[in-house]
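Chain and residue survey
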Amino acid sequence: MQAQKAQGTEDLFGGYMRAWQHMQEVASTLFDAYGFDMIETPAMEQVDTFVHGIGESTDVVRKEMFRAVSGALYEQVMGAGSESGLKPRQRLALRPEGTAGVVRAAVENNLVPQGGAPVKVWYAEAMFRGERPQKGRLRQFHQVGMEWLGAADPAADAESIIVLMEFYRRLGLDASKLRLKINSMGDATCRPAYRDSVRSFILDHADEMCDDCIERAEINPLRAFDCKNDHCREVMAAAPKVTDCLCDDCAAHYAQVKAYLDEAGISYEEDPTLVRGLDYYTRTVFEVEYAGDANIGAIGGGGRYDGLMELEGGKPTPGIGFAVGFERIALALSDAGVDMAGEEPGCVYVANTDPDLRGAAFTATLALRGAGIRTEADYQGRSLKSQFKQADKHHARLCVILGPDEVAAGAATVRDMSTHEQVSVPMGELAEGVTRMLG
Ligand code: AMP
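Keep in mind it's a predicted model, so treat the numbers as computed, not measured.

1. Topic: the overall build of the protein chain
- Scanning the protein chain from N- to C-terminus turns up 16 helices and 16 strands.
- Taking the principal axes of the C-alpha coordinates as reference, the protein chain spans close to 90 × 60 × 45 Å.
- Split into buried and exposed, the 439 residues of the protein chain put 47% on the buried side.
- Separation between the mean location of the 45 positive side-chain charges and that of the 66 negative ones in the protein chain comes to 4 Å.

2. A few points about the site of the ligand
- By nearness alone, 14 residues border the ligand, and Arg 129, Glu 131, Leu 138, Gln 143 and Arg 276 come closest of all.
- Protein contacts shield 91% of the accessible area of the ligand, which totals 470 Å² for the unbound molecule.
- For the shell around the ligand, the element with the most residues is strand 10 (residues 298–304), which contributes three residues.
- In terms of residue class, the shell around the ligand is made up of five nonpolar, four polar and five charged.

3. A word on the nonpolar core
- Of all hydrophobic cores here, the largest spans 99 residues; its most connected members are Met 23, Tyr 168 and Ile 329.
- Counting residues per element, this core draws most heavily on helix 6 (residues 154–171), which supplies nine residues.
- Leaving out residues up to four positions away in the same chain, Met 23 has contacts with Val 144, Phe 167, Leu 171, Val 324, Gly 325, Phe 326, Ile 329 and Met 340.
- Among the nonpolar cores identified, the runner-up in size contains 16 residues, and Val 348, Leu 368, Ala 377 and Val 425 belong to it.

4. Things to note about the domain arrangement of the protein chain
- Considered domain by domain, the protein chain is made up of domain 1 (14–190 + 246–335) and domain 2 (347–438).
- Using C-alpha coordinates to define each centre, domain 1 is positioned 49 Å away from domain 2.

5. Considerations on the sheet that holds strand 3 (residues 67–68)
- Taken in spatial order, the three strands make up an open sheet running 2-4-3, and their pairing is antiparallel. Edge strands, defined here as strands with exactly one partner in the open sheet, are strand 2 (44–46) and strand 3.
- As defined by bridge partners, strand 2 adjoins strand 4 (residues 92–94) across three bridges and the pair is classed as antiparallel. Following the sheet pairing, Glu 45 is matched in strand 4 by Ala 93.

6. What to know about helix 12 (residues 326–335)
- Within helix 12, seven of the 10 residues are buried, leaving the element largely enclosed by the surrounding structure.
- If you follow the buried residues of helix 12, they end up packed against helix 1 (14–33), strand 6 (140–149), helix 6, strand 9 (282–290), strand 10 and strand 11 (319–325).
- Once helix 12 finishes, Gly 337 follows within two positions and takes phi at roughly 75°, a positive value.

7. Overview of the packing of aromatic side chains
- Counted under the stated rule, the structure contains nine aromatic pairs.
- On the basis of an interplanar angle of 25° and a centroid distance of 5.5 Å, the ring pair of Phe 31 and Trp 122 is categorised as stacked. Taken together, the residues Phe 31 in helix 1 and Trp 122 in strand 5 (residues 119–128) connect sequence positions 91 residues apart.
- Centroid distance Phe 36 to Trp 148: 6.0 Å. Interplanar angle 85°. Geometry classified as edge-to-face. Separated by 112 residues along the polypeptide, Phe 36 in the loop between helix 1 and strand 1 (37–38) and Trp 148 in strand 6 bring together distant segments of the chain. Comparing Phe 36 with Trp 148 shows no difference in burial state: the two are buried.
- When the ring centre of Phe 388 is taken as origin, the NZ or CZ atom of Arg 415, which lies over that ring, is 5.2 Å away.

8. Brief notes about the packing of helix 1 against helix 12
- Put simply, helix 1 and helix 12 touch, their axes get as near as 11 Å, and they point 105° apart. In terms of orientation, helix 1 and helix 12 fall into the roughly perpendicular class. Mapping the contact onto sequence places Tyr 16, Ala 19, Trp 20 and Met 23 in helix 1 and Phe 326, Glu 327, Ile 329 and Ala 330 in helix 12.
- The class makeup of the residues in the contact of helix 1 with helix 12 is seven nonpolar, no polar and one charged.

9. Some remarks on the environment of Thr 317
- Topologically, Thr 317 is positioned in the loop between helix 11 (308–311) and strand 11.
- The spatial distance from the C-alpha of Thr 317 to the C-alpha of Val 112 is 7.9 Å, given a sequence separation of 205 residues.
- What Thr 317 contacts, discounting residues up to four positions off in sequence, is Val 112, Leu 149, Gly 150, Tyr 305, Asp 306 and Met 309.
- Here Lys 315 takes part through its backbone oxygen, which lies 2.8 Å from a polar atom of the side chain of Thr 317.

10. What about the sheet that holds strand 12 (residues 347–352)?
- Overall, mixed pairing links the five strands, which are arranged 13-12-14-15-16 in an open sheet. Every interior strand has two partners, whereas the edge strands, strand 13 (375–377) and strand 16 (422–426), have only one. Between one strand and the next, the sheet's axes are offset by a mean angle of 30°, whatever the strand orientation.
- As defined by bridge partners, strand 12 adjoins strand 13 across three bridges and the pair is classed as parallel. Across the sheet, Tyr 349 pairs through a bridge with Glu 376, a residue of strand 13.
- Sheet contacts for helix 13 (residues 358–370): strand 12, strand 13 and strand 14 (396–402); angle to strand 12, the most-contacted strand, approximately 165°.
- In this fold helix 14 (residues 384–393) packs onto strand 12, strand 14 and strand 15 (411–416), with an angle of close to 175° to the strand it touches most, strand 12.

Rules used throughout
- Every chain is numbered on its own, with residues counted from 1 as its sequence reads.
- Per-residue local features are limited, in this predicted model, to residues with pLDDT of at least 70; the limit for side-chain atom pairs, both in listing and counting, is 80 or more; totals at the level of whole chains, interfaces and linings are taken over all residues.
- No hydrogens and no water enter the side-chain calculation; it runs on all heavy atoms of the structure.
- Numbering goes from the N terminus for both helices and strands, where a helix is a DSSP run of H or I of at least four residues and a strand is a run of E of at least two.
- Burial here depends on accessible area, computed with a 1.4 Å probe over protein chains only, as a share of the maximum for the residue type. Under 20% is buried, over 50% is exposed, and the range in between is partly exposed.
- Residues scored as charged are limited to Lys and Arg (positive) and Asp and Glu (negative), so that His and the chain ends carry no count.
- For this purpose, a charge sits on NZ of Lys, CZ of Arg, CG of Asp or CD of Glu.
- By convention in this text, a residue qualifies as near a molecule or strand provided that one of its non-hydrogen atoms is within 4 Å of it.
- Surface accessibility follows the Shrake-Rupley procedure with a 1.4 Å probe radius. Residue values consider only the protein chains on display as shielding.
- Under the grouping applied here, Gly and all other residues not named as nonpolar or charged are polar, the nonpolar ones being Ala, Val, Leu, Ile, Met, Phe, Trp, Tyr, Cys and Pro and the charged ones Asp, Glu, Lys and Arg.
- Within this scheme, the nonpolar core is defined by two criteria: the residues are buried Ala, Val, Leu, Ile, Met, Phe, Trp, Tyr or Cys, and they are joined through side-chain atoms within 4.5 Å.
- Contacts between residues were defined by any pair of non-hydrogen atoms, one from each residue, lying within 4.5 Å.
- For the purposes of this description, domain bounds are those given by an automatic or database domain assignment.
- A strand pair is defined by DSSP finding two or more bridges across the two strands.
- Pairing of aromatic rings covers Phe, Tyr and the six-membered ring of Trp, with a centre-to-centre limit of 6.5 Å; geometry is then stacked below 30 degrees between planes, edge-to-face above 60, and tilted otherwise.
- Lysine NZ or arginine CZ positioned within 6 Å of the ring centre and within 35 degrees of the ring normal marks a charge as sitting over the ring.
- Angular values range over 0 to 180 degrees, each being the angle between N-to-C directions of two axes fitted as lines to C-alpha atoms, with helices fitted over their stretch in contact.
- Small angles under 35 degrees read as roughly parallel and large ones over 145 as roughly antiparallel, with 65 to 115 read as roughly perpendicular and the rest as oblique.
- Under the rule applied, a polar contact is a pair of N or O atoms within 3.5 Å (in protein, one hydrogen donor and one hydrogen acceptor; residues adjacent in sequence only if both atoms are side-chain atoms).

Shown next, in the form of C-alpha cells:
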C-alpha cells in the first residue's frame, strides 16, 4: 500500500517551498529593522504550558490540541483509557500556536528580568491543530509571528499593528485589499463583569441559541461571538459590547492605540465582537482579513497579553504579539495575482562529451560550487544531446562543455544557453570566467 500523508497536512516543495522561504526572508529583513531577534521553541511542550496560557475552556485546548506520548507510555495510556496517570512532564502536546511557548521560554530562561529591556523575538514555525481540514484550514500549518515582552505602552500595540501591515505590503498585499479589525477586550479589572453580563445575555436568550452556545455561557461566554451558526451570531449582535464596559485605564489605552494608528495613517474597523479564541488576551486585539475572498478567513491576528507571563509562572510582564498564516497568505496572494514563489533558480550545467572525461567534469563542478555557483552535472552517463536537455530542465543559463580537445588544452567551452554563443575559458579560471558571464 502506498504511504499517505496525515490528513490536513501538506508537503512543501518546489514553488510552494520557495514561497515559504520568501516569506521568511521578508520577515527576517523587516523584523531586523524593528529590533527583533529570531527564536525557535520546541514543537512539543508540556500540556500545562497551553492549558495555563490559552485556557482550559478554549476550543484550541479542549478539542484541537494534538496530544503526544512517547511510544513507551502509549500502551500504558491506551490500557488505562486516559492519560490521567501521567506526570505533568509526560503529558505533551504539539504546539497549536506560538505565544505560550515563547512566553514559557522567556520565563524559564529569565529573558525578561524585572525592569530590564524588553524582549523582542520573531519565529517562523509549524503549528498543529486538530481542526476539520478545508481550504485554508490545515492540521499542520505555518506561521510567522512576533512577541514583544515588557512594553505596556499603547505605542507598542500600534507599532505591532504597523509592522504587521508593513509585512503584508512587502509580501505584495496592498492595504486596499485588507480589512484590519481591532477591539479592546479589557483586563482583569473590567473583563470579569463583562463576561458575566454576556453569560446572562446568552441565558436570557437560551431558547434562540444553539446547544454549544448555551454550554459556552457557562465555560467561556465570549466564544459565543464566534459561533458558526448564523442565527446565534444575529442574536449576539445585540449582546453587551465590551467597549461599553471598559474600565477607565483600558478605555484610555484603547483610545491612545487608535490615536497612534490614525497618526500613522492605518485604516481599521472597530469590531466590538472580535474576541479571538484564546483566554490570554487583554486589552488590544486585532485581526486581518483578505477582502478579495472571504472564504480564506483571517490571514493574521494578535493582541496584548499582559497576564500571560504570570500564568506561565513568571513575574508580571506585559506582552503583545501577532501571527500570520503562510498558507492563507499564499491563497490571498494567488487570488491577487502576486507570485510569491519567484523564478526557479537558474544554474550552470557541466556536460562532458565522453564518459572518460567524467573526472574533468567532477573537478570543474567542484570548482564552480566552491565559488558559490549553483551547478548541476550528469550522473547517468547520458549522451551530450540528452545532457543539453537536462541542462534546459535545470534552467541552466550556461553550459560548461568538456570535450577531449578542450581537456587536453586545459580549457572548457562555455555556452550561453539563450544566445548559443560559445567561448573558451582556461580551466584554472573557470569559476571567474563563469561568474563574469553570469553577470
Ligand atoms: P490564530 O492564532 O488562530 O489567530 O491564527 C493566526 C493565523 O494563523 C490566522 O490568522 C491564520 O492565518 C493562521 N491559521 C490559524 N489556524 C489555521 C489553520 N488551521 N490552517 C491554516 N492557517 C491557520
